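Residues per chain, in single letters:
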Amino acid sequence: NSAMKDYEGLTFEREGGVATITLNRPERLNAILFSMIEGITEIVDECGRDDDIRVIVITGAGRAFSSGDDIVGGMGDRSEGWRQGVGLFTDLGPHHLLVKTIMEAPKPVVAAINGRCHGAGWVTALACDFRVARDDVLIGDIRAEKAIFAGQTVPLILPRLIGQSRAMDLLITGRVIDAAEAERYGILARVWPADDWDAELATFIGELAEGPTKTYAAWKMTVNRSVLAELDGYVDYERRIATLARATDDAVEGPLSFREKRDPHFTGH
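Each value, and the rule that gives it
Residues numbered from 1 in each chain as written. Predicted model: local features only at pLDDT ≥ 70, side-chain atom pairs only at ≥ 80, totals over all residues. Heavy atoms only, no water. Helix = DSSP H or I, 4+ residues; strand = E, 2+ residues; numbered from the N terminus. Buried < 20%, exposed > 50% of the residue type's maximum accessible area, 1.4 Å probe, protein only. Contact = heavy atoms within 4.5 Å. Lys, Arg positive; Asp, Glu negative; His and termini not counted. Charge placed at Lys NZ, Arg CZ, Asp CG, Glu CD. Pairing = 2+ DSSP bridges. Axes fitted to C-alpha atoms, helices over the stretch in contact; angles between N-to-C directions. Phe/Tyr/Trp six-rings, centres within 6.5 Å; stacked < 30°, edge-to-face > 60°. Lys NZ or Arg CZ within 6 Å of the ring centre and 35° of its normal.

Peer 1: What exactly am I supposed to notice about the overall build of the protein here?
Peer 2: Scanning the protein from terminus to terminus reveals 9 helices and 10 strands. With the C-alpha coordinates of the protein rotated into their principal frame, the extents come out at 55 × 45 × 35 Å. Scored against the burial criterion, the 269 residues of the protein give a buried share of 50%. Summarising the internal contacts of the protein: among those between residues at least 6 apart in sequence, 70% fall at separations of at least 24. Measuring between centres, the 30 positive side-chain charges of the protein sit 3 Å from its 42 negative side-chain charges.

Laid out in structure tokens, this is it:
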């Protein structure tokens, strides 16, 4: 679709009924910029309205899905468009709109996880309807170990997927798990060997694209109903918690130590 505008850090292709969004900063392990969050949101929204598109795929270029927010290089500027709206939920942030748009799109959205998946990449993947992966992927939130609290809907969605105990463990420790553990937890719906990845993914996507799209939409909307009903109020609450969490000494020390390539020294203040 030549009308789709270009977004820094993304490429977009469509083939038949399949639309593919690729996180495309391979030299930075597809670290997330605001332009990429905005782009995914707008492309998914447009594809959701296009009757000719029956499946949306989000994947990464190179050897990662995404390493997360670009906390070294910075995420770039947020466009003024995010600040629209009035009332209590004036601006719930770009990640909220991304998650809501993916969960509301009346087509299956597949996160095709081809490598590391962390931070905002993980946020994106958890919002999708299917997470499929190569057997050599590494997955995890990872932010707590840098004293970063940026839930971005994950504390609402993840316990629904894998239960409260496992979600608590992954989010508080920030640990990284492999494909086998992620599949056992229920985060991944399919895991394929790296050698078979392209063929298996194409078959899986092809079958979804040939299915009864409106029936799929009905299942998706009903499964996602309870999360979507809570989402706005939840994010409003989460952002108030985040404001408190970010006003700590540890929240400064975490990213600083990461940039300075040294172990952090956390005081609990």
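Peer 1: Would you mind going over helix α4 (residues 154–162) with me for this structure?
Peer 2: V154, L156, I157, L158 and I162 are the residues of α4 that are buried. In this structure, the buried side of α4 is in contact with α2 (94–104), α3 (119–127), α5 (164–173), α6 (179–185) and α8 (213–246). Positive phi appears at G163, one or two residues downstream of α4, with a value of about 90 degrees.

Peer 1: I keep staring at the sheet that holds strand β3 (residues 55–60) and nothing clicks. Help me out?
Peer 2: Within a beta sheet, neighbouring strands are joined by backbone hydrogen bonds and run either parallel or antiparallel to one another. Ordered in space as β1-β2-β3-β5-β7-β10, the 6 strands form an open sheet in which the pairing is mixed. Two strands in the sheet have a free side with no partner beyond their single neighbour: β1 (10–15) and β10 (190–192). Each strand axis lies, on average, 20 degrees off the axis of its neighbour in the sheet, ignoring direction. Here strand β2 (residues 18–23) runs beside β3; their pairing, made up of 6 bridges, is parallel. The residue bridging T20 from the neighbouring strand is V57, located in β3.

Peer 1: Honestly, the packing of aromatic side chains in this entry has me stumped. Any pointers?
Peer 2: Remark: the centre distance and the inter-plane angle together describe each pair of aromatic rings, the angle taken between the planes. Taken as a whole and assessed by the stated rule, the structure comprises 3 aromatic pairs. Here F130 and F204 contribute two aromatic rings whose centre-to-centre distance is 5.4 Å and whose plane-to-plane angle is 80 degrees, an arrangement assigned as edge-to-face. Pair noted here: F130 is in strand β7 (residues 130–134) and F204 is in helix α7 (residues 197–209), with a separation of 74 residues, a long-range link. The structure contains a cluster of three or more aromatic residues connected by ring pairs, namely F130, W192, W197 and F204. The ring of F258 carries K146 above its face, with NZ or CZ at 4.6 Å from the centroid.

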